[in-house]
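Examination of the molecular architecture
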Amino acid sequence: MSPTPPCPDGHPGTDQPVNALDVPALLVVGAMRAWVAPLVKPGQEHPNWREILRLAGVPGEGAQGFNRLMEVVAGHARRLIEVRCCHCPALGEDEVHMLSLMGALQQGDAFMPVRILTDWLPAGQVTPALASAQRFAAILAAQGLRLPGPARPALMH
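Residues numbered from 1 in each chain as written. Predicted model: local features only at pLDDT ≥ 70, side-chain atom pairs only at ≥ 80, totals over all residues. Heavy atoms only, no water.

A word on the overall build of the protein chain. A tally of regular secondary structure across the protein chain gives six helices and zero strands. For the protein chain, the α and β elements follow one another from N to C terminus as α-α-α-α-α-α. Classification of the 157 residues of the protein chain by burial places 46% in the buried group. For the protein chain, long-range pairs separated by at least 24 residues make up 73% of all intrachain contacts whose partners lie at least 6 apart in sequence. A total of about 8,100 Å² of accessible surface is found on the protein chain, and carbon and sulfur atoms cover 57% of it. (Helix = DSSP H or I, 4+ residues; strand = E, 2+ residues; numbered from the N terminus. Buried < 20%, exposed > 50% of the residue type's maximum accessible area, 1.4 Å probe, protein only. Contact = heavy atoms within 4.5 Å. Areas by Shrake-Rupley, 256 points an atom, 1.4 Å probe, with all protein chains shown as cover.)

Within the element layout of this structure, Q125 appears in helix α6 (residues 123-142). Remark: the alpha-carbon pair of Q125 and V72, spanning 53 residues in sequence, is separated by 7.1 Å. The residues touching Q125, leaving out its near neighbours within four places in the chain, are V72 and H76.

The next thing to look at is the state of the cysteines. In the structure shown here, the tally under the stated rule is zero disulfides. The closest cysteine sulfur to the non-disulfide-bonded C86 is located on C85, 6.9 Å from its own sulfur. (Disulfide = S-S within 2.5 Å.)

Their axes nearest at 11 Å, the elements helix α1 (residues 23-40) and helix α3 (residues 60-76) cross at an angle of 50°. Regarding the angle of α1 to α3, the classification is oblique. Our pair here, α1 against α3, has a crossing hand that is right-handed. Contacts between α1 and α3 pair A31, M32, W35, V36 and L39 from the former with F66, N67, M70, E71 and A74 from the latter. The residue makeup of the contact of α1 with α3, split by class, is eight nonpolar, one polar and one charged. (Axes fitted to C-alpha atoms, helices over the stretch in contact; angles between N-to-C directions. Parallel < 35°, antiparallel > 145°, perpendicular 65-115°, else oblique. Left-handed = near helix turned anticlockwise from the far one by under 90°. Nonpolar A, V, L, I, M, F, W, Y, C, P; charged D, E, K, R; others polar.)

Next comes the structure, spelled out in structure tokens:
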């Protein structure tokens with residue numbers, strides 16, 4: 001497989017193209033990118049992350065869990081979290097981690113989510129982020145939007 005082209009914001013292409021994601025993974029990445037977009041490029045028009053989740057059938061409680069998770073990560077990250085622009089054809093490393101986080105929670109894996117959140121956040125913020133991530137992952141699963149566990153790629157077959 002050849003690398004995807006660079007994104008409009010200059011991120012290099014990777015071997016993990018967005019267009020190979022299955023629907024639940026695409027939903028998570030799309031919502032994540034839409035949530036971050038106004039922070040990166042304020043004053044511009046961006047997709048509405050709430051509308052993305054609503055159109056996928058995610059109820060308000062799921063959107064609240066996602067929003068709270070993103071607020072904790074955005075407000076307390078120990079390092080820059082790589083979230084690509086909405087038009088980037090390739091996944092960023094932390095977007096892949098978010099997919100692993102959601103998939104691991106849906107699979108009942110307790111270790112992987114804590115490991116990912118510990119990489120992103122100081123110790124005092126891991127528990128609130130985990131609670132919000134658990135809420136979001138559970139509601140996605142209840143809507144039939146299941147992500148593969150971290151051992152399997154989140155790509156279509």
